[in-house]
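An overview of the molecular structure
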Amino acid sequence: MNIGLIAHDAKKKLMQNFCIAYRGIMSRHELYATGTTGRMVEEVTNLTVHKFLAGQTGGEQQLGSMIENNQLDMVIFLRDPLGNTSHEIDIYNIFMLCDVHNIPLATNLSTAELLIKALEKGDLDWREQFKH
């Protein structure tokens, strides 16, 4: 399955730790990430991550295009709800596209853990049927 990874600056370390903790599960799937997040995840996990541009320079739009084309099966977007972001419209677009295309989306650590554990158990296998 294809997993999208995005993390605001204040959550990048948390994303690294999440990917370290669930490296075994994630190693069996294709990972796609905004540039800085992808590089930071690769540095600590040795996982292969398909990296796009940095989020604020178009990476969120590139991931959004994958969502729009039903090419991602889940998105983990560890966001800083208290942070000031100049690209709020891109963030909203990710949420909207996931809703439109029935792509599971986690925006915090608790939900990310639920999704990754569901992925491991096969609870997201329905995505394969949904794509056809």
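Notes on the structure follow.

Rules and cut-offs
Just so you know, the residues in each chain are numbered from 1, in the order the chain's sequence is written. Residues qualify for local features only when their pLDDT is at least 70, as the model is predicted, and side-chain atom pairs are given and counted only at 80 or more; totals for whole chains, interfaces and linings, by contrast, use all residues. Hydrogen atoms and water are omitted, and side-chain values are computed over all heavy atoms in the structure. Only DSSP runs of H or I covering at least 4 residues are called helices, and only runs of E covering at least 2 are called strands; the numbering of each starts at the N terminus. Two things to know: the radius of gyration comes from C-alpha atoms, and the globule rule equals 2.2 Å times the number of residues to the power 0.38. The buried label goes to any residue with under 20% of its type's maximum accessible area, the exposed label to any with over 50%, and the partly exposed label to all in between, with areas taken from a 1.4 Å probe on protein chains only. It only takes one pair of heavy atoms within 4.5 Å for two residues to be counted as in contact. Values of accessible area rely on a 1.4 Å probe in the Shrake-Rupley scheme; residue burial ignores everything except the protein chains shown. By the counting scheme adopted, Arg and Lys are positive, Glu and Asp are negative, and His together with the chain ends is not counted. A single reference atom marks each charge: NZ on Lys, CZ on Arg, CG on Asp, CD on Glu. In short, DSSP must find at least two bridges between two strands for them to pair. Between the N-to-C directions of two axes lies an angle of 0 to 180 degrees, each axis being a line fitted to C-alpha atoms and, for a helix, fitted only over the stretch in contact. In protein, a polar contact requires one atom able to donate a hydrogen and another able to accept it; more generally it is a pair of N or O atoms within 3.5 Å, and residues adjacent in sequence count only if both atoms are side-chain atoms. Any Lys or Arg side-chain nitrogen found within 4 Å of a carboxyl oxygen on Asp or Glu counts as a salt bridge.

Here's the deal with the overall build of the protein chain
- Regarding its fold elements, the protein chain presents seven helices and five strands.
- Ordered by position from N to C terminus, the α and β elements of the protein chain give β-α-α-β-α-β-α-β-α-β-α-α.
- Compactness check: the protein chain gives a C-alpha radius of gyration of 13 Å against a globular reference of 14 Å for 132 residues, within 12% of the reference.
- C-alpha atoms of the protein chain, sized along the principal axes, occupy 35 × 30 × 25 Å.
- Of all 132 residues assigned to the protein chain, the portion counted as buried reaches 48%.
- Sequence-distant contacts in the protein chain: of pairs separated by 6 or more residues, those separated by 24 or more amount to 68%.
- About 6,800 Å² of surface is accessible on the protein chain, with carbon and sulfur atoms providing 48% of the total.
- Averaging the coordinates of the 12 positive side-chain charges in the protein chain and doing the same for the 16 negative ones gives two points 6 Å apart.

As for the sheet that holds strand β2 (residues 30–33)
- One open sheet holds the five strands; their spatial order is β3-β2-β1-β4-β5, and the pairing between them is parallel. Unpaired on one side and paired on the other, β3 (49–51) and β5 (105–106) mark the two borders of the sheet.
- Against the sheet, helix α1 (residues 12–21) contacts β1 (2–7) and β4 (74–78), and its axis sits at roughly 150 degrees relative to β1.
- Helix α5 (residues 88–100) contacts β1, β4 and β5 of the sheet and is inclined by roughly 150 degrees relative to β4.

Brief notes about the environment of His 50
- Among the secondary structure elements, His 50 is positioned in strand β3.
- With 15 residues separating them along the chain, His 50 and Gly 35 place their C-alpha atoms 8.6 Å apart.
- Filtering out sequence-adjacent residues up to four positions away, His 50 remains in contact with Glu 30, Leu 31, Tyr 32 and Ala 33.
- Within polar-contact distance, the side chain of His 50 engages the side chain of Glu 30 at 2.7 Å.

Looking at the pattern of salt bridges
- Per the stated rule, a full pass over the model turns up five salt bridges.
- Across the pair Lys 51 and Glu 42 runs a salt bridge, and its minimum N-O distance is 2.8 Å.

Structural notes on the side chain of Gln 16
- Along the chain, Gln 16 falls in helix α1.
- A residue is classified by how much of its surface remains accessible, and Gln 16, at 6% relative accessible area, is buried.
- Contacts of Gln 16, omitting those with residues within four sequence positions, involve Met 40, Val 41 and Val 44.

So, helix α3 (residues 35–45)
- Every buried residue belonging to α3 is among Gly 35, Thr 37, Gly 38, Met 40, Val 41 and Thr 45, and all of these are buried.
- Buried residues along α3 sit in contact with β1, α1, α2 (23–26), β2 and β3.
- Asn 46 sits one or two positions beyond α3 and adopts a positive phi of about 60 degrees.

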